[in-house]
Amino acid sequence: QVQLVQSGGGLVQAGGSLRLSCAASGRISMYAWGWFRQAPGKAREFVAAISWSGGSTRYLESVKGRFTISRDNAKNTVYLQMNSLKPEDTASYYCATTFRPPTFEALEYNYWGLGTQVTVSS
């Protein structure tokens, strides 16, 4: 059984930074990671994804240049460094894994974290 345990998040002022982490436990290998977010009353949306090797990444257009996804395979952990945060980044953030290449399609992801809240005040 694979479990994804998230940490990080919290309340920050606009322009600030936060780093989210997500660690996988259990038997899992050769997987890509993704980050998604969901704001109240809105659909879950793709934020970023990274391949097993880390050599391929994808980002939501509105976070390009501000967010960076990275991974540490020795620790089975993925990170999302979020800089220059904006109030519209406020949402619950979820990590997920897929055995496919990095994709923005939520249905392609097999395991999900429980989410962590990010709130950006103006």
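Presented here is an overview of the structure given in this document. On a predicted model such as this, the values are computed, not experimentally measured, just so you know.

## Observations regarding the pattern of salt bridges
Counted under the stated rule, the structure contains five salt bridges. When the shortest N-O distance is used, the salt bridge between R37 and E45 registers 2.7 Å. According to the relative accessible area criterion, E45 is partly exposed, its value standing at 32%. Two residues, E108 and R100, come together in a salt bridge whose shortest N-O distance is 3.2 Å. Within the structure, one salt-bridge network assembled from shared partners comprises R37, E45, R66 and D89.

## Details of the state of the cysteines
By definition, a disulfide is the covalent link that joins the sulfur atoms of two cysteine residues. Applying the stated criterion to the full structure yields one disulfide. With its sulfur 1.9 Å from that of its partner, C22 forms a disulfide with C95. Every disulfide takes its handedness from the sign of the S-S torsion; for C22 and C95 that torsion is 50°, giving right-handed. In this pair, C22 is assigned in strand β3 (residues 18-25) and C95 in strand β9 (residues 91-98), connecting sequence segments 73 residues apart. Across the pair, exposure class does not vary: C22 and C95 are buried alike.

## Points about the sheet that holds strand β7 (residues 67-72)
The four strands lie next to each other as β1-β3-β8-β7, forming an open sheet whose pairing is antiparallel. The strands lining the two open edges of the sheet, one partner per strand, are β1 (3-7) and β7. For this sheet, the mean inter-axis angle between neighbouring strands, taken without regard to orientation, is 15°. In this structure, β1 lies alongside β3, joined through five bridges in antiparallel fashion.

## Considering unusual backbone geometry
The backbone phi angle of N76 is positive, close to 50°, even though this residue is not glycine. In this fold, N76 is placed in the loop between β7 and β8 (77-82).

## Side note on the pairing of β8
β8 sits mainly inside the fold: five of its six residues count as buried. As paired strands, β7 and β8 are joined by six bridges and run antiparallel to one another. Residue pairing across strands places I69 opposite L80, the latter belonging to β8. In sequence, β7 turns back onto β8 through a hairpin of four residues, with N76 there showing a positive phi of about 50°.

Thresholds applied
Residue indices follow the written sequence of each chain, beginning from 1 at its first position. It should be noted that, the model being predicted, local features are given only for residues of pLDDT at least 70 and side-chain atom pairs only at 80 or more, the latter also being counted only at that level, while totals for whole chains, interfaces and linings use all residues. Note: side-chain values were computed over all heavy atoms of the structure, leaving out hydrogens and water. A pairing counts as a salt bridge when a side-chain nitrogen of Lys or Arg comes within 4 Å of a carboxyl oxygen of Asp or Glu. Burial classes: relative accessible area under 20% of the type maximum marks a residue as buried, over 50% as exposed, and values in between as partly exposed (1.4 Å probe, protein chains only). Our working definition of a disulfide is a cysteine sulfur pair at a distance within 2.5 Å. Under the scheme used here, helices are H or I runs from DSSP no shorter than 4 residues and strands are E runs no shorter than 2 residues, and both carry numbers assigned from the N terminus. Paired strands are those between which DSSP finds at least two bridges. Convention adopted: a line fitted to C-alpha atoms gives each axis, helices being fitted over their contacting stretch, and angles between N-to-C directions are expressed from 0 to 180 degrees.

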